[in-house]
Amino acid sequence: TSEKSFAKVEGKDSIAIVCGTDGKAAGSLGCWLILTEREEWNGETYPIKDIKVIKVDGTNIKPDTWYKIIDGEVKEDGKIKE
């Protein structure tokens, strides 16, 4: 949940949730990713700007690939490197 956090899931129908600033998530085929985009610091918090829920379907959303929200759009952020 903190700045630049990341979450990765592998089990069937698992869910990865990223809710901090500049976070990213990845999962295996069939998993779900919940991504959050935050606004700039307002003196108290980083307000939530957008939330997206996506399924790793193997076509539009690839397995073992990091995803994040940038300006309201889900974007790839590279392959997972172990």
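This text follows the structure it describes.
This one's a predicted model, so the numbers in the text were calculated from it and none came from an experiment.

I'm lost on the overall build of the chain in this one. Help?
Counting its regular elements, the chain contains 0 helices and 7 strands. Reading the helices (α) and strands (β) of the chain from amino to carboxyl end gives β-β-β-β-β-β-β. The C-alpha radius of gyration of the chain comes to 12 Å, within 12% of the 12 Å expected for a compact globule of 82 residues. Considering only C-alpha atoms, the chain reaches an extent of 40 × 20 × 20 Å along its principal axes. Carbon and sulfur atoms provide 48% of the accessible area of the chain, an area that totals close to 5300 Å². Between the averaged position of the 13 positive side-chain charges in the chain and that of its 16 negative side-chain charges there is a distance of 5 Å.

When you look at the pattern of salt bridges in this model, what are you seeing that I'm missing?
Two side chains of opposite charge can pair, provided their charged atoms sit close to one another. Within the structure shown, the criterion is met by 7 salt bridges. In this structure, aspartate 71 engages lysine 49 in a salt bridge whose closest nitrogen and oxygen atoms are separated by 3.9 Å. Here lysine 49 lies in strand β5 (residues 48-55) and aspartate 71 lies in the loop between β6 (65-70) and β7 (73-79), a separation of 22 residues in the sequence. Lysine 62 is paired through a salt bridge with glutamate 76; the nearest N and O atoms lie 2.9 Å apart.

Just to check I follow, could you spell out the layout of surface pockets for this structure?
Each pocket or cavity is described by its volume, and for the largest pocket that value is around 250 Å³. Taken together, 14 residues line the largest pocket, and the ones lying closest to its centre are Thr21, Asp22, Glu37, Arg38 and Glu40. Put simply, the parts of the chain that give the lining of the largest pocket at least two residues each are β4 (32-38) and β6.

For this particular structure, what's the right way to read the packing of aromatic side chains?
Each aromatic ring pair is characterised by the separation of its centres together with the angle its planes make. All told, the structure shown has 2 aromatic pairs when counted by the stated rule. Taking the centre distance of 5.5 Å and the plane angle of 80° together, the rings of phenylalanine 6 and tryptophan 66 count as edge-to-face. A residue pair is termed long-range when its members are at least 10 positions apart, and phenylalanine 6 in strand β1 (residues 6-9) and tryptophan 66 in strand β6 qualify at 60 residues. What makes phenylalanine 6 exposed here is its relative accessible area of 58%.

What counts, and where the lines are drawn
- Sequence order as written defines residue numbering, which begins from 1 separately in each chain.
- Selection of residues for local features in this predicted model requires a pLDDT of at least 70, selection of side-chain atom pairs for listing and counting requires 80 or more, and totals for whole chains, interfaces and linings are taken over all residues.
- No hydrogens and no water enter the side-chain calculation; it runs on all heavy atoms of the structure.
- Put simply, DSSP H or I for four residues or longer makes a helix, DSSP E for two residues or longer makes a strand, and each gets a number counted from the N terminus.
- Taken over C-alpha atoms, the radius of gyration is set against a globule rule of 2.2 Å times the number of residues to the power 0.38.
- A 1.4 Å probe and the Shrake-Rupley method give the accessible areas. Residues count as covered only by the protein chains that appear here.
- The charge count treats Lys and Arg as positive and Asp and Glu as negative. His and the chain ends do not count.
- Think of each charge as sitting on NZ of Lys, CZ of Arg, CG of Asp or CD of Glu.
- Definition used for salt bridges: Asp or Glu carboxyl oxygen within 4 Å of a side-chain nitrogen of Lys or Arg.
- Points on a 1 Å grid, built from protein atoms alone, make a cavity when a 1.4 Å probe fits but cannot get out and make a pocket when they are open with protein on both sides within 12 Å along at least 5 of 7 lines; residues with an atom within 4 Å of a point are the lining residues.
- Grid points are joined across faces, edges and corners, and a volume is the space filled by probe spheres set on the points.
- Planes of paired rings set the category: under 30 degrees apart is stacked, over 60 is edge-to-face and the rest tilted, where pairs are Phe, Tyr or Trp rings (Trp by its six-membered ring) whose centres lie within 6.5 Å.
- Each residue gets one of three labels from its accessible area relative to the maximum for its type: buried under 20%, exposed over 50%, partly exposed in between, using a 1.4 Å probe on protein chains only.

Taken by themselves, the reported measurements are silent on function.
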